[in-house]
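# Commentary on secondary and tertiary structure
Residues per chain, in single letters:
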Amino acid sequence: MGDWLTDTRDSYDTVATSYADLTRGLLDDLPHLRAALRLFAEEVRGPVADVGCGPGDTTALLHGYGVDAFGMDLSPGMIDLARSSHPGLRFEVGSMTDPLPGGLGGILCWWSLIHVPDELVPVVFGHFRAALAPDGLLQLGFHVGDRTNLKTSGYGGHPMRVNVHLRPPERVAGWLRDAGFTVEARWLLGDDGAVLFARG
């Protein structure tokens, strides 16, 4: 496991409980992001992997919308929380830098690609493309900008060590097209967030 993967896993294990407490119900105040998730749920066909699922709340929302969704996260601590909070759903430890299960109807990847270095993003998108069934749907959420910040604490002041990569939407869209995706829509969320919809 690369150092950045180890740092990311250990950081989110450290903050798992406080992260879950601070983000629970977050979508209640984010109507545009809720709309993006509902649109994804309406359009997707087949099983969905929520990659970087954290404590599993978004996976559970997808399930509530009638989607056959399961969650995956690098952090065992996050997966333990997800399993205890949503015992009827499937959650597993895994990294998006490894191949995913095949035959997926969709992949949701909200604000977890932000920790992946630029040189590995094409690898990740290649795995996503290979895992999706024909006409499968990918939805990406990420921070907008053109810099990398080192996050050394968060979610209640706990120590962390993760790089947070902010990227222009056109760069991410270019990587997607290079991996064989068709980018269908780009939604800007305020000044610092974006959601991309892409088909495999």
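For the structure itself, consult the block above.
The structure reproduced in this document is the subject of the present report.

### Some thoughts on the pattern of salt bridges
Evaluation of the coordinates by the stated rule reveals nine salt bridges. Between Arg 24 and Asp 21 there is a salt bridge, with the nearest N and O atoms lying 3.3 Å from each other. Take Arg 24: its relative accessible area is 51%, and that puts it in the exposed class. Salt-bridge contacts for Arg 199 lead to Glu 184; the nearest nitrogen and oxygen are separated by 3.1 Å. Of this pair, Arg 199 sits in strand β9 (residues 193–199) while Glu 184 sits in strand β8 (residues 182–189), placing them 15 residues apart in sequence. Judged by its relative accessible area of 48%, Glu 184 falls in the partly exposed class. By sharing partners, the salt bridges in this structure join Glu 43, Asp 135, Glu 184 and Arg 199 into a single network.

### Some words on the packing of helix α2 (residues 31–43) against helix α3 (residues 57–64)
Relative orientation of the contacting elements α2 and α3 amounts to 50°, with a least axis distance of 10 Å. Judged by the inter-axis angle, α2 sits oblique to α3. α3 is crossed by α2, and the crossing has right-handed handedness. Where α2 approaches α3, its residues Leu 37, Phe 40 and Ala 41 are matched on the opposing element by Thr 58, Leu 61 and Leu 62. Residues that form the contact of α2 with α3 fall into these classes: five nonpolar, one polar and no charged.

### Remarks on the environment of Thr 97
By the secondary structure assignment, Thr 97 is in the loop between β3 (91–93) and β4 (104–110). When the C-alpha atoms of Thr 97 and Leu 5 are compared, they prove to be 9.4 Å apart, with 92 residues separating the residues in sequence. The contacts of Thr 97, once residues within four sequence positions are left out, are Trp 4, Leu 5, Val 123, Val 124 and His 127. Of the polar contacts made by the side chain of Thr 97, one reaches the side chain of Ser 95; its length is 2.6 Å.

### Here we look at the packing of helix α1 (residues 3–23) against helix α4 (residues 76–85)
Taken N-terminus to C-terminus, the directions of α1 and α4 make an angle of 30°; their axes are 7 Å apart at the nearest point. Counted together, Arg 9, Tyr 12, Asp 13, Ala 16, Thr 17, Tyr 19 and Ala 20 of α1 and Pro 76, Gly 77, Met 78 and Leu 81 of α4 form the full contact between these two elements. Its residues assigned to classes, the contact of α1 with α4 shows seven nonpolar, two polar and two charged.

### Looking at the sheet that holds strand β1 (residues 48–51)
In spatial order, the strands read β3-β2-β1-β4-β5-β9-β8; together these seven strands make up an open sheet with mixed pairing. Looking along the sheet, the strands with just one partner apiece sit at the ends: β3 and β8. Along the sheet, successive strands turn relative to each other by an average axial angle of 15°, direction set aside. With three bridges joining them, β1 and β4 adopt parallel strand pairing. Its bridge partner being in β4, Val 48 is matched across the sheet by Gly 106. Strands in contact with α4 are β2 (69–73) and β3; relative to β3, the strand with the most contacts, it is inclined by about 170°. In the packing of helix α5 (residues 121–131) onto the sheet, the strands contacted are β1, β4 and β5 (132–143), and the crossing angle to β5 comes to about 145°.

Definitions and cut-offs
Residues numbered from 1 in each chain as written. Predicted model: local features only at pLDDT ≥ 70, side-chain atom pairs only at ≥ 80, totals over all residues. Heavy atoms only, no water. Salt bridge = Lys/Arg side-chain N within 4 Å of Asp/Glu carboxyl O. Buried < 20%, exposed > 50% of the residue type's maximum accessible area, 1.4 Å probe, protein only. Helix = DSSP H or I, 4+ residues; strand = E, 2+ residues; numbered from the N terminus. Axes fitted to C-alpha atoms, helices over the stretch in contact; angles between N-to-C directions. Parallel < 35°, antiparallel > 145°, perpendicular 65-115°, else oblique. Left-handed = near helix turned anticlockwise from the far one by under 90°. Contact = heavy atoms within 4.5 Å. Nonpolar A, V, L, I, M, F, W, Y, C, P; charged D, E, K, R; others polar. Polar contact = N/O pair within 3.5 Å; in protein donor to acceptor, adjacent residues only side chain to side chain. Pairing = 2+ DSSP bridges.

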